[in-house]
Amino acid sequence: DGQCRRFLVNPGVRDAMVRFHRSLVTLAFGELQFAFAHYEALKAAGARVAADFEFDLLAEMERANIGRGSPGVRIIDQQETFVCETYPRFIAVPDTVTVDEVLAVAAYRSKQRIPAMVWRDPSTRAVISRCAQPLVGMKSNRCAEDEKMVSAIKAMNGNTKLYIIDARKLVATQGNRLVGKGTEIIKYYTGCDLLYMGIGNIHAVREAEAGLMALCRPAALDNGGSWHDKVHQSGALQILGAILSAAVRVAHIVRSEGCSVLVHCSDGWDRTPQLTSLAMMLLDAYYRTRRGLQVLVEQEWLSFGHKFQDRCCHGVEPDDQRSAVFVQWLDAIHQILRQFPDAFEFNERALLFLADHVYSCRYGTFLCNSQKERIENRLKLRTLSIWVGWEESAAKFTNPSYVPFQGVLRPSVSSKNVRIWEKYFCRHDESLVPRVECITDYI
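Residues numbered from 1 in each chain as written. Predicted model: local features only at pLDDT ≥ 70, side-chain atom pairs only at ≥ 80, totals over all residues. Heavy atoms only, no water.

Q: What is the right way to look at the overall build of the chain in this model?
A: Secondary structure summary: the chain contains 18 helices and seven strands in total. In terms of overall dimensions, the chain is globule-like: its C-alpha atoms have a radius of gyration of 22 Å, near the 22 Å expected for 443 residues. Looking at the chain as a whole, 53% of its 443 residues are labelled buried. Once local pairs closer than 6 in sequence are excluded, the contacts in the chain between residues at least 24 apart make up 74%. Of the roughly 19100 Å² of accessible surface on the chain, 52% is carried by carbon and sulfur atoms. In the chain, 54 positive and 50 negative side-chain charges are present, and the distance between their average locations comes to 2 Å. (Helix = DSSP H or I, 4+ residues; strand = E, 2+ residues; numbered from the N terminus. Rg over C-alpha atoms; globule rule 2.2 N^0.38 Å. Buried < 20%, exposed > 50% of the residue type's maximum accessible area, 1.4 Å probe, protein only. Contact = heavy atoms within 4.5 Å. Areas by Shrake-Rupley, 256 points an atom, 1.4 Å probe, with all protein chains shown as cover. Lys, Arg positive; Asp, Glu negative; His and termini not counted. Charge placed at Lys NZ, Arg CZ, Asp CG, Glu CD.)

Q: Would you mind going over the packing of helix α13 (residues 325-339) against helix α14 (residues 348-360) with me for this structure?
A: A packed helix pair is summarised by two numbers, namely the angle formed by the two axes and the spacing between the axes. α14 packs onto α13 with a crossing angle of 175 degrees between their chain directions and a minimal axis gap of 10 Å. Overall, the two elements α13 and α14 adopt an arrangement that is roughly antiparallel. Note on element contacts: α14 touches α13 through E348, L351, L354, A355, V358 and Y359, opposite F326, V327, L330, I333, H334 and L337. Per-class residue counts for the contact of α13 with α14 are ten nonpolar, one polar and one charged. (Axes fitted to C-alpha atoms, helices over the stretch in contact; angles between N-to-C directions. Parallel < 35°, antiparallel > 145°, perpendicular 65-115°, else oblique. Nonpolar A, V, L, I, M, F, W, Y, C, P; charged D, E, K, R; others polar.)

Q: Explanation requested: a nonpolar patch on the surface in the structure shown.
A: Taken together, M138, L178 and V179 make up a surface patch of nonpolar side chains, about 360 Å² in accessible area. Examined against the element boundaries, L178 turns out to sit in the loop between α6 (170-177) and β6 (192-196). Judged by its relative accessible area of 62%, L178 is exposed. (Patch = residues over 30% accessible without salt bridge, like charges linked within 9 Å, V, L, I, M, F, W, Y side chains within 5 Å. Salt bridge = Lys/Arg side-chain N within 4 Å of Asp/Glu carboxyl O.)

Q: So what exactly am I meant to see when it comes to the packing of aromatic side chains here?
A: The description of an aromatic ring pair rests on the distance of the ring centres and on the angle between the ring planes. Enumeration over the complete set of coordinates arrives at 17 aromatic pairs. When the centroid spacing of 4.9 Å and the interplanar angle of 75 degrees are considered together, the rings of Y87 and F304 count as edge-to-face. Of this pair, Y87 sits in the loop between β1 (73-77) and β2 (90-94) while F304 sits in the loop between α11 (290-303) and α12 (308-312), and the two are 217 residues apart along the sequence. Relative to W329, the ring of F326 has its centre 5.5 Å away and its plane inclined at 40 degrees; by these criteria the two rings are tilted. Taken together, the residues F326 and W329, both in helix α13 and three residues apart, mark about one turn of the helix. Residue class for F326 comes out buried when judged on its relative accessible area of 2%. When the ring centre of Y287 is taken as origin, the NZ or CZ atom of R63, which lies over that ring, is 5.2 Å away. (Phe/Tyr/Trp six-rings, centres within 6.5 Å; stacked < 30°, edge-to-face > 60°. Lys NZ or Arg CZ within 6 Å of the ring centre and 35° of its normal.)

Q: Hey, could you run me through the environment of D267 in this one?
A: Within the element layout of this structure, D267 appears in the loop between β7 (260-264) and α10 (271-283). Looking at D267, the relative accessible area reads 14%, which means it is buried. Residues D267 and E300, spaced 33 residues apart in sequence, show a C-alpha to C-alpha distance of 14 Å. Once you skip the residues sitting within four places of it in the chain, D267 turns out to touch S110, K111, R113, A132, Q133 and K181.

Q: What exactly am I supposed to notice about unusual backbone geometry here?
A: Comment: phi is negative for the bulk of residues other than glycine, and the bulk of peptide bonds are trans. Residue P434 is bonded to the preceding V433 through a cis peptide linkage, with omega at -5 degrees. Along the chain, P434 falls in the segment after α18 (422-425). Positive phi, normally seen in glycine, also occurs at S140, with a value near 55 degrees. Structurally, S140 is set in the loop between β4 (127-130) and α5 (144-154).

Q: Which parts of the structure should I look at to understand the pairing of β1?
A: For a regular strand, the rule is simple: side chains alternate between the two faces of the sheet. Most of β1 is tucked away, with four of its five residues classed as buried. The pairing of β1 with β2 spans five bridges and is antiparallel. Of the residues in β2, the one forming a bridge with V73 is P94. (Pairing = 2+ DSSP bridges.)

Q: How do you make sense of the environment of E54 when you look at a structure like this?
A: Looking at the element boundaries, E54 is found in the loop between α2 (32-44) and α3 (57-63). Here E54 falls in the partly exposed class, since its relative accessible area comes to 45%. Here the alpha-carbon distance between E54 and W387, two residues 333 residues apart in the chain, equals 9.0 Å. Excluding residues within four positions of it along the chain, E54 makes contact with R291 and K380.

Q: I keep staring at the pattern of salt bridges and nothing clicks. Help me out?
A: Think of it this way: side chains of opposite charge can pair up when their charged atoms draw near. By the definition in use, this model includes 22 salt bridges. A salt bridge links R109 to D146; the nearest nitrogen and oxygen atoms lie 2.9 Å apart. Of the two residues, R109 is situated in the loop between α4 (99-108) and β3 (116-120) and D146 in helix α5; the sequence distance between them amounts to 37 residues. The exposure classification of R109 matches that of D146, with both residues buried. Note that R427 and D356 form a salt bridge whose closest N and O atoms lie 2.6 Å from each other.

Given below as structure tokens:
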């Protein structure tokens, strides 16, 4: 979380230094066993260990107009027809696509992550769907079933146009073709436009966050230089601005143009949930409530397989898969909340709570890389849900100035309006005047 401490250790005492380093790693990156020990300790003390909130994917699909009773929708139950191990049990697809065709599409999409519908606009009937990149490769492979499925999503509201939103840069998709992947060959997808959003990958996010964290320390400018120049050089705000711009674009396409969108990045579990969930929040006031934010976390991040274990490195030293993608999403919400302070039922403290506890290992919610792994490890029965702490701090997380607004939020994405999240990045910087409030009353 940006805290920096310096220690002097006698290099001659090697064994002690190794033990000291291991202890620091445990403290800095969490210990997996803590989630289980914490649960057992609370249970033994007779404390509350169950949350009132219970995520019901089918009920949320009904509310999002893509449930079993929604016209044109087929619900795939993976207990009956297995499609993808990193997807939730229930997947919404157009009912004009057969089960066999769905399986053919799964074979053509990276990690079998097929186009799945996640939200339908109640006024335009346009659909937001998500998936992973197609396996195009250097041979320009096609899949008739995939082309049919995308066309079926386009036809969900009778529109003749659909936008494929590729979160990556064009050059990144070309690089992926070299390893058998890539992006849609748009001439084969009738009535579709392909848009590149130019958002940096997990490695760019990791480097940008590290650069920004380094600047938010008291000794950041000991060697001279301009703080503002170095913030710009970190690239953190540019990536954040690109995410916000893409989400605003998706919301505009769905509501103002009345067209459906299909969002993907590489494997569809990092930039993809950032864009789908932000667009849903801009379009649907429900997701701007406390419960709505819980649903977005459970549905778009947990159920659809964001790799929390790999991205957060719970219990292990960081490697090149670590990347603060989820925290970056919370930062994007913070940017919108700052522009529309009355439109959200939750406040900045709620976002900080999630940003801190995604790393703390106090709760089992963010352990493992998929819902399948969490079920196999019986985390629901052996660890505390993050929503227990959320509910216990409900009063602290409630925005007193909240006024429900049912319209679409259209935040400015100008670079002058994308700013450092001070209460997250700068809270431990003692050199700032005045000091940024360090909020820890939820820990």
